[in-house]
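Spelled out from the first residue to the last, the chains are:
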Amino acid sequence: MAPQYPQIFRDEWLSERLFKDLVVKIESDAALHMKLHRSKCTAIISNVIGPHFTQCLEETIGDSYYSILIDESTDISVLKFLGISIMYMDKNLKQIISTYLSLVQLESCDAQAIVTAVKVTLNSKGLDLQKLCGIPTVMVGVNNGAYKKLKEDIPSLIHIPCVCHSLQLAVFAAASETLPRNIDYLLRETYNWFCHSTLRQAQYANLYRAINDGHDPLKILGLKKCYAADVLYEMYNDNMNLAYLKFLHPILEEVFVNPNCREDPLTCNMNSYTIQNVNFGYKFDQSLAICPSSNEKKRAIKRGMSTWANILNVKWTETSNTIKFWNLVACYTDASGSYPFAEISNLATRILVLP
């Protein structure tokens, strides 16, 4: 049996950024002969390090709002697990932290098992379930989805849909109602023709390079040996299909977000884009006047509108970073020592911790 690799203390650990606050060099004969293998390391992680970080997480979050990200997966032993990550505002670092929370084994693969696992995990970590403000998931069944079941206990829970999944559903719904069936067949079978053959993919790559270099497109070899390939060839030569694709091209470009924005809201001068007195319009004021809500809710809305207007009258020293700005707003006190922007800063924090 090969000897195990001995891990010896290194002096450079004392200056390493990740270790210098955690590692202390101790001159001790007992520590010199100490050995840690699988059993001792597992016990230390489970009984010392794990509870320590759990307590730190509970103290850091406190009564703040947080969001979770969940996803299920199957390991090599065909066991279902639910991975849970958490996003929250760290009061000490004054930053939005996204980190691992737990990995829970699922007894079954339905929405109820996922909801139970989430509740048990949050309870074991000492987190208030009512402070959960957002959850991104594709498990959003109208009647029995995970989000639907969680919202029964958390009425204010916000669902953040998966962008890719929502976009796929929107494109599919639009395409199924507006595009001719031959266009759908053209796109689907074109992909199927190339995806199952490395030779065809290589031929397609050569063809693509030839087209982009300004040369005439090459005809794919062997088209006449397959009926589907022959149909695709005829459809690509149809000017009507070309007209449809040309029509869709500028529309599909809008689906992708352009990273080159004209203005950066964190660095540009926003004074020309803001107004001192916020006016939400006549229709909003009329709707608020006839709203059947209680007078307390109406006063809260009016107070929020007034606070939003007053926040522009303060000369803020930090406007280059959104998170630092709202931390500064949350800590702002007036002459009486009160926090006039507490409500609006809490709302901003809830939005910032959304996935």
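One can find the structure itself at the top, above this paragraph.
So, here is what we can say about the structure in this document. Keep in mind that this is a model prediction, so the values were computed, not measured.

What follows deals with the overall build of the protein. Looking only at helices and strands, the protein features 13 helices and five strands. Within the protein, the proportion of its 355 residues that are buried is 23%. Counting contacts in the protein only where the partners sit at least 6 residues apart, residues at least 24 apart contribute 52% of the total.

Tracing the chain through its elements places Ser-320 in the loop between helix H11 (295-310) and helix H12 (322-331). In terms of polar contacts, Ser-320 uses its side chain to reach the side chain of Glu-318, at 2.6 Å.

Moving on, we get to unusual backbone geometry. Positive phi is not limited to glycine here, since Lys-94 has a value of about 55°. You can see Lys-94 is positioned in the loop between strand S2 (80-90) and strand S3 (95-105). Overall, the relative accessible area of 37% leaves Lys-94 in the partly exposed class.

Below, the discussion takes up the nonpolar core. The biggest cluster of nonpolar side chains holds 27 residues, and the ones touching the most others in it are Tyr-66 and Ile-68. Sorting the residues of this core by element identifies helix H2 (38-61), strand S1 (66-74), S2, S3, helix H3 (111-124), strand S4 (132-135) and helix H4 (146-153) as the ones contributing at least two each. At six residues, H3 tops the list of elements feeding residues into this core. The contacts of Ile-68, once residues within four sequence positions are left out, are Ile-84, Ser-85, Ile-86, Val-118, Leu-122, Leu-132, Gly-134, Ile-135, Pro-136 and Pro-355.

What follows is about the packing of aromatic side chains. Counting across every chain of the model gives five aromatic pairs. Between Trp-316 and Phe-325 the ring centres are 5.7 Å apart and the planes differ by 80°, which places this aromatic pair in the edge-to-face class. The two residues Trp-316 and Phe-325 agree in class, both being buried. Here Phe-325 and Trp-326 contribute two aromatic rings whose centre-to-centre distance is 5.1 Å and whose plane-to-plane angle is 75°, an arrangement assigned as edge-to-face. Its relative accessible area of 13% is what places Trp-326 among the buried residues. In this structure an aromatic cluster arises from ring pairing among Trp-316, Phe-325, Trp-326, Tyr-332 and Phe-341. Cation over ring: Lys-131 sits above Tyr-65, and NZ or CZ is 4.6 Å from the ring centre.

Within S2, eight of the 11 residues are buried, leaving the element largely enclosed by the surrounding structure. As defined by bridge partners, S1 adjoins S2 across nine bridges and the pair is classed as antiparallel. The residue bridging Leu-69 from the neighbouring strand is Ser-85, located in S2. Turn length for the S2-S3 hairpin, with the two strands adjacent in sequence and antiparallel, is four residues, and the turn residue Lys-94 shows positive phi of about 55°.

A pair of packed helices can be characterised by two numbers: the angle between their axes and the separation between those axes. Relative orientation of the contacting elements H12 and helix H13 (residues 342-352) amounts to 150°, with a least axis distance of 9 Å. Compared by their axis directions, H12 and H13 come out roughly antiparallel. H13 is crossed by H12, and the crossing has left-handed handedness. From H12, Thr-322, Ile-323, Trp-326, Val-329 and Ala-330 reach across to H13, where they touch Ile-344, Ser-345, Ala-348 and Leu-352. Residues of the contact of H12 with H13, tallied by class, amount to seven nonpolar, two polar and no charged.

The next point concerns the pairing of S4. Both S1 and S4 contribute to a ladder of two bridges, which runs parallel. From the neighbouring strand, Ser-67 faces S4, where its bridge partner is Gly-134. In this sheet, strand S5 (residues 158-159) lies alongside S4 in parallel orientation, the contact comprising two bridges. In the sheet register, Ile-135 faces S5, and the bridge partner there is His-159.

On to a nonpolar patch on the surface. Together, Met-34, Leu-36, Ile-44, Ile-45, Val-48, Ile-49 and Phe-53 line one region of the surface with nonpolar side chains, adding up to about 660 Å² of accessible area. Mapped onto the fold, Ile-44 is located in helix H2. On the basis of relative accessible area, Ile-44 is assigned to the partly exposed category, the value being 33%.

So, about the sheet that holds S4. With mixed pairing, five strands are arranged side by side in an open sheet as S3-S2-S1-S4-S5. With one partner strand each, in any of the chains shown, S3 and S5 form the two edges of the open sheet. Running over the sheet, H2 touches S1, S2 and S3 and is turned about 45° from S2.

This paragraph deals with H12. Turning to H12, its buried residues number three or more, namely Phe-325, Trp-326, Asn-327 and Val-329. For H12, the N-terminal cap is Asn-321; the gap from its side-chain oxygen to the backbone nitrogen of Ile-323 is 3.0 Å.

Moving on: the side chain of Ser-67. If you trace the backbone, Ser-67 turns up in strand S1. The buried category is assigned to Ser-67, whose relative accessible area is 0%. Sequence-distant contacts of Ser-67, that is, excluding residues within four places in its chain, are made with Ser-85, Ile-86, Met-87, Leu-132, Cys-133, Gly-134, Val-353, Leu-354 and Pro-355.

About the cut-offs
- Residues numbered from 1 in each chain as written.
- Predicted model: local features only at pLDDT ≥ 70, side-chain atom pairs only at ≥ 80, totals over all residues.
- Heavy atoms only, no water.
- Helix = DSSP H or I, 4+ residues; strand = E, 2+ residues; numbered from the N terminus.
- Buried < 20%, exposed > 50% of the residue type's maximum accessible area, 1.4 Å probe, protein only.
- Contact = heavy atoms within 4.5 Å.
- Polar contact = N/O pair within 3.5 Å; in protein donor to acceptor, adjacent residues only side chain to side chain.
- Core = buried A, V, L, I, M, F, W, Y, C linked by side-chain atoms within 4.5 Å.
- Phe/Tyr/Trp six-rings, centres within 6.5 Å; stacked < 30°, edge-to-face > 60°.
- Lys NZ or Arg CZ within 6 Å of the ring centre and 35° of its normal.
- Pairing = 2+ DSSP bridges.
- Axes fitted to C-alpha atoms, helices over the stretch in contact; angles between N-to-C directions.
- Parallel < 35°, antiparallel > 145°, perpendicular 65-115°, else oblique.
- Left-handed = near helix turned anticlockwise from the far one by under 90°.
- Nonpolar A, V, L, I, M, F, W, Y, C, P; charged D, E, K, R; others polar.
- Patch = residues over 30% accessible without salt bridge, like charges linked within 9 Å, V, L, I, M, F, W, Y side chains within 5 Å.
- Areas by Shrake-Rupley, 256 points an atom, 1.4 Å probe, with all protein chains shown as cover.
- Salt bridge = Lys/Arg side-chain N within 4 Å of Asp/Glu carboxyl O.

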